[in-house]
Amino acid sequence: MSITYTTVGELKVGSYVVIDNEPCRVVDITKAKTGKHGSAKANVVAVSIFSGAKKTLMAPVDQQVEVPMIDKRVGQVIADMGDKLQLMDMESFETFDIEKPTEEEIVSKIKSGVEVEYWLIMGRRKIVRVK
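The rules we used
Residues numbered from 1 in each chain as written. Predicted model: local features only at pLDDT ≥ 70, side-chain atom pairs only at ≥ 80, totals over all residues. Heavy atoms only, no water. Pairing = 2+ DSSP bridges. Helix = DSSP H or I, 4+ residues; strand = E, 2+ residues; numbered from the N terminus. Axes fitted to C-alpha atoms, helices over the stretch in contact; angles between N-to-C directions. Salt bridge = Lys/Arg side-chain N within 4 Å of Asp/Glu carboxyl O. Buried < 20%, exposed > 50% of the residue type's maximum accessible area, 1.4 Å probe, protein only. Domains from an automatic or database assignment. Contact = heavy atoms within 4.5 Å. Buried area = accessible area lost by both parts, 1.4 Å probe. 1 Å grid on protein atoms, 1.4 Å probe; cavity = no way out; pocket = protein on both sides within 12 Å on 5 of 7 lines; lining within 4 Å. Points joined across faces, edges and corners; volume = space filled by probe spheres on them. Nonpolar A, V, L, I, M, F, W, Y, C, P; charged D, E, K, R; others polar.

Colleague: Hey, could you run me through the sheet that holds strand E11 (residues 124-130) in this one?
Modeller: Adjacent strands of a sheet form backbone hydrogen bonds with each other and so pair up, either parallel or antiparallel. One open sheet accounts for five strands, arranged E9-E8-E7-E10-E11; its pairing is antiparallel. If you trace the sheet from one side to the other, it starts and ends with strand E9 (95-99) and E11, each paired once. Adjacent strand axes in the sheet meet at a mean angle of 45° when their direction is disregarded. Summarising the sheet, strand E7 (residues 70-81) and strand E10 (residues 115-121) pair through seven bridges and their orientation is antiparallel. Directly across from Gln 76, in E10, lies its bridge partner Glu 115.

The structure is reproduced here in structure tokens:
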């Protein structure tokens, strides 16, 4: 598993965190101070990188959380197979199938031979932009 650890208090908007085994990007954090004897709590709102689902994490600021390691790579589109694309990694020349992105501005630019940046996160791949 390609993850590292940090505390909830270290998270910032725009950073990445694993919630329910799903790598997510943090979109909002609210911290609440508690009474004399409690520890401060943070409410983290994040959006899944793969599904776009909203996830929340309520935890003490000193609790450890997993942070996904994002491996940014470049691939070339070999074939468009409907809902999937066949890519070839430009470094390892490995070929693999990847789900077609749902974002219209990316999909409109994808055609055979075009280079894309894709992220390898926790063993899963996602196309993030066309180069």
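Colleague: I would appreciate a short explanation of the pattern of salt bridges in the present structure.
Modeller: Should the charged atoms of two oppositely charged side chains come close, the side chains can pair. Tallying each qualifying case throughout the model produces eight salt bridges. A salt bridge links Asp 20 to Lys 55, with the nearest nitrogen and oxygen atoms 3.9 Å apart. Of this pair, Asp 20 sits in the loop between strand E2 (16-19) and strand E3 (22-32) while Lys 55 sits in strand E5 (residues 54-60); the two residues are 35 residues apart in sequence, bridging distant segments of the chain. When the shortest N-O distance is used, the salt bridge between Arg 73 and Asp 89 registers 3.2 Å. Pair noted here: Arg 73 is in strand E7 and Asp 89 is in strand E8 (residues 84-89), with a separation of 16 residues, a long-range link. Take Arg 73: its relative accessible area is 26%, and that puts it in the partly exposed class.

Colleague: Before we go on, may I ask you to explain the domain arrangement of the chain in this structure?
Modeller: Considered domain by domain, the chain is made up of domain 1 (3-68) and domain 2 (70-130). For domain 1 and domain 2, the distance between their C-alpha centroids amounts to 28 Å. Taken residue by residue, the interface counts nine residues in domain 1 and seven residues in domain 2. Here domain 1 packs against domain 2, burying approximately 770 Å² in sum over the two surfaces, 74% of which is carbon and sulfur. When the buried area of domain 1 at its contact with domain 2 is split by residue, Ile 49, Phe 50 and Pro 68 rank highest and sum to 63% of it.

Colleague: I would appreciate a short explanation of the layout of surface pockets in the present structure.
Modeller: Think of a ball as big as a water molecule: rolled over the atoms, this probe shows where empty space is left. By volume, the largest pocket is sized at about 370 Å³. Lining the largest pocket are 17 residues, with Phe 50, Glu 99, Lys 100, Arg 125 and Lys 126 sitting closest to its centre. Ranked by residue count, the leading element in the lining of the largest pocket is E11, at four residues. Residues that form the lining of the largest pocket fall into these classes: five nonpolar, four polar and eight charged. Residues lining the lining of the largest pocket come from more than one domain, with at least three contributed by each of domain 1 (3-68) and domain 2 (70-130).

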